[in-house]
Amino acid sequence: MRLVIARCQVDYAGRLTAHLPMATRLLLVKSDGSVSVHSDDRAYKPLNWMSPPCWLIEDGNLWIVENKAGEKLVVTIDQIVEEISHDLGAEPGLQKDGVEAHLQELLAEHITTLGDGYSLVRREYPTAIGPVDILARDSEGSSVAVEIKRRGEIDGVEQLTRYLELLNRDPLLAPVQGVFAAQQIRPQARTLAEDRGIRCVTLDYDDLRGIEPDEFRLF
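Residues numbered from 1 in each chain as written. Predicted model: local features only at pLDDT ≥ 70, side-chain atom pairs only at ≥ 80, totals over all residues. Heavy atoms only, no water.

Named according to an unreviewed UniProt entry, the chain is Endonuclease NucS originating from Prauserella alba. A UniProt comment under Subcellular location (unreviewed entry) is attached to the chain, and it reads "Cytoplasm". For the chain, the Sequence similarities (unreviewed entry) comment in UniProt is given as "Belongs to the NucS endonuclease family." (UniProt positions renumbered as here; feature names shortened; annotations may be inferred.)

What follows is the structure in structure tokens.
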């Protein structure tokens, strides 16, 4: 992991173009080759980034990051304020709590809970920024990324948004739609998800497990 605080400008050239004028920012270089540019006011979401596989070439005050599609992220550095590198070692991965892990397993087994004609591609679909809980296909064969939570919060919507941005760069998967599935979804999270075109699904844990509600039992 390499952290560089620098006064820089950033230009992206690819399917679209984007420009960040000169300012002090955090440049994050990971061992997988990814490079991301961060400011101090966007929580964990970068201003711009290049996901692996990509290559960083440093030429004096110029950083050029390019991927196999020919997209380029060009960072022009005016001044380096501070720089640090550290090997973080192997990442053991996120350990979901028991209910979330079981929800993922049950939804994968009963994928048509999301809609008629849905089929499972795989659980824990790997991406450069972590695994998507479930990758599925809908009745028309389109890709669907599913993020599963016990309680649906805004953070979960942001997490799914990052997965979708990355997956939609893959021509073999795009277009990829998103489904945010949880036992409970907060109104703010639902509003944000729907604003971003992400469908919300409320999961009934007992129903997925095949347990009938108490009110229908005779004894």
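1. Considering the side chain of T127
Here T127 lies in the loop between β8 (119-125) and β9 (132-137). Here the side chain of T127 touches G130 through a polar contact of 2.4 Å, landing on its backbone oxygen. Contacts of T127, omitting those with residues within four sequence positions, involve V132, Y163, L166 and L167. (Helix = DSSP H or I, 4+ residues; strand = E, 2+ residues; numbered from the N terminus. Polar contact = N/O pair within 3.5 Å; in protein donor to acceptor, adjacent residues only side chain to side chain. Contact = heavy atoms within 4.5 Å.)

2. A word on the sheet that holds strand β6 (residues 62-67)
Where strands meet in a sheet, backbone hydrogen bonds hold them as pairs that are either parallel or antiparallel. Strand order in the open sheet formed by seven strands is β4-β3-β2-β1-β7-β6-β5, and the pairing between neighbours is antiparallel. Looking at which strands have only one partner, the edges of the open sheet turn out to be β4 (48-50) and β5 (54-59). The average undirected angle you get between the axes of adjacent strands in this sheet is 30 degrees. Across four bridges, strand β2 (residues 17-29) lies against strand β3 (residues 35-38) in antiparallel orientation. Counted as the bridge partner of L27 is V37 from β3. (Pairing = 2+ DSSP bridges. Axes fitted to C-alpha atoms, helices over the stretch in contact; angles between N-to-C directions.)

3. Structural notes on the sheet that holds β8
Ordered in space as β8-β9-β10-β11-β12, the five strands form an open sheet in which the pairing is mixed. Either end of the sheet is taken by a strand with one partner, and the two such strands are β8 and β12 (199-202). Taken pair by pair, the neighbouring strands of this sheet meet at an average axis angle of 30 degrees, ignoring direction. In terms of strand pairing, β9 meets strand β10 (residues 143-152) through four bridges, oriented antiparallel. Directly across from R137, in β10, lies its bridge partner S143. Sheet strands touched by helix α3 (residues 187-195): β10, β11 (176-185) and β12. Its angle to β11, the strand with the most contacts, is close to 170 degrees.

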